[in-house]
Amino acid sequence: MHHDAGGDMNRIRMIVALALIYMIFAILLNSVGTVILQSIATFGIDKPAASALERYKDLTIAFTSFLVASFLPMFGYRRSMMLALAIVGGACVLMPLYPSFPTTRLLFACVGFSFALTKVAVYSSIGLLTADKTAHSRLTNTIEGLFMLGVLAGNWIFSAYIDPANPGDPAWFNVYWLLAGACALTIALLATSALDESAAHAQGHNNSFADAIMEMLRLFVRPLVYVFLASAFLYVLIEQSFGTWLPTFNNEILKLPNAMSVQFASILAGMTALGRILAGVVLRRVRWYALLNACVLGMGVLVVTVLPLARGVAARPDVGWFDAPLAAYLIPLLGLLMAPIYPVINSVALSSLPKPMHAAMTGLIVVFSALGGTLGSYITARVFASFDGIHAFYFSLLPMSLILVTLFLFKRETDRANTHAAAA
């Protein structure tokens, strides 16, 4: 009996480690909006040049996932996570030592590379740590919810290091010492935990790179997979355009000061975290398809009603938390509605596939999410530069309409897949 208690304790440690890694990456990945704002202030570069940071992060994620996803089961999920943390911890140490825009680009490339390793390892580990579909969906929602709490914490941690009187002051680079410490702590936790990865090694899989790539391509034979990927791509397109550009929107359109723009943007993350944790509860009562449709329609209504309120805001030097423009409080409510979409479709897609395919599938999820993120941020940056932030946010109505279509097709395909599975 004693052995089981040890096993449970170890499972809890692994879940805590997964949550911590995810939170560290949440802080780093989502600091890109803040770092864009700060790079403009500190290094005096223009918006399109600053938006390149998003590409350094996302294209590295996409490229790495494609190359690495199928090898990870061989290398080991736990080992991959430790390697990822070591790389990022190293890059964090360089930031305060050599504060410059090239160092910033290097940091985001390292974050991208490491996050690809981490995400595939974390998602594949969820399959190993849970017994059934409901448990899979709950743990996925919880871990993604903690990811959003990391985003929320990140905005406050970063804004604490920004000097409101002198936003360009390089002292804000000291935040990276804290993050490097967090990486070291999590490596220690992983080094002292164990994860049984035997279920991930199917017989005869992943012998060579060619086999690994074939495994990913074989997934494309299933209509379920590309309908799912289209949904994930569109979702990330919406999420990134709001997530990355909200600090700049708050600063330029709603005329809030730098540090406050970052803090107000954190409400979006808080709402998303709340939405994901609530979704875990709601999903016990409501079918996922009904929930997601309600969410997407709600987002559309919110965009159409709130954006007119953002027009013609006058700058006020003494603006505070309680008298900011109404739109600053309302736009973040999108997070509440947006929250469940991504974890739910990921979980539904993964639990419709056999466990040995989870790593390859997660690889594809990560590739398409990263491409959606880059494209979303790039389009928003272009529209922002050419028109203004209000038009840039109206643009999100297009992917919202498309996602209703892909969700309908996705539902049809998962029903088919589950009927086949039941018949088999």
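Bear in mind that the values here come from a model prediction, so they are computed numbers and not experimental data.

**Description of helix α5 (residues 77-97)**
Every α-helical turn comprises 3.6 residues, leaving residues that sit three or four positions apart pointing alike. The end-to-end C-alpha distance of α5, which contains 21 residues, comes to 31 Å, matching closely the 30 Å that a straight helix rising 1.5 Å per residue would cover. Taken as a whole, α5 has its buried residues at Y77, S80, M81, A84, L85, V88, G89, A91, C92, M95 and P96. For α5, the arc enclosing every buried residue in end-on projection is 165°, short of the 170-degree limit, so these residues lie on one face.

**Some remarks on empty space enclosed by the protein**
Considering all chains together, one arrives at six cavities of 30 Å³ or more under this definition. Size it by volume and the largest cavity reaches roughly 570 Å³. Lining of the largest cavity is provided by 35 residues; of these, N30, K57, F147, E239 and Q240 occupy positions nearest its centre. Of all the secondary structure elements, the ones that give two or more residues to the lining of the largest cavity are α1 (2-29), α2 (32-43), α3 (47-68), α6 (101-129), α7 (133-161), α10 (223-252), α11 (258-282) and α16 (358-386). A per-element tally of the lining of the largest cavity places α10 first, with eight residues. Its residues assigned to classes, the lining of the largest cavity shows 19 nonpolar, ten polar and six charged.

**Re the side chain of S114**
With respect to the element layout, S114 can be found in helix α6. Its relative accessible area of 0% is what places S114 among the buried residues. Within polar-contact distance, the side chain of S114 engages the backbone oxygen of A84 at 3.3 Å. In contact with S114, other than residues within four places in its own chain, are F25, A84, I87 and V88.

**Side note on the nonpolar core**
The biggest cluster of nonpolar side chains holds 125 residues, and the ones touching the most others in it are F25, M81, Y176, F228, F249, M361 and F410. Broken down by element, the residue count for this core peaks at 15 residues, all from α10.

About the criteria used
- Residues numbered from 1 in each chain as written.
- Predicted model: local features only at pLDDT ≥ 70, side-chain atom pairs only at ≥ 80, totals over all residues.
- Heavy atoms only, no water.
- Helix = DSSP H or I, 4+ residues; strand = E, 2+ residues; numbered from the N terminus.
- Expected span 1.5 Å × (residues − 1).
- Buried < 20%, exposed > 50% of the residue type's maximum accessible area, 1.4 Å probe, protein only.
- Arc of directions from axis to C-beta.
- 1 Å grid on protein atoms, 1.4 Å probe; cavity = no way out; pocket = protein on both sides within 12 Å on 5 of 7 lines; lining within 4 Å.
- Points joined across faces, edges and corners; volume = space filled by probe spheres on them.
- Nonpolar A, V, L, I, M, F, W, Y, C, P; charged D, E, K, R; others polar.
- Polar contact = N/O pair within 3.5 Å; in protein donor to acceptor, adjacent residues only side chain to side chain.
- Contact = heavy atoms within 4.5 Å.
- Core = buried A, V, L, I, M, F, W, Y, C linked by side-chain atoms within 4.5 Å.

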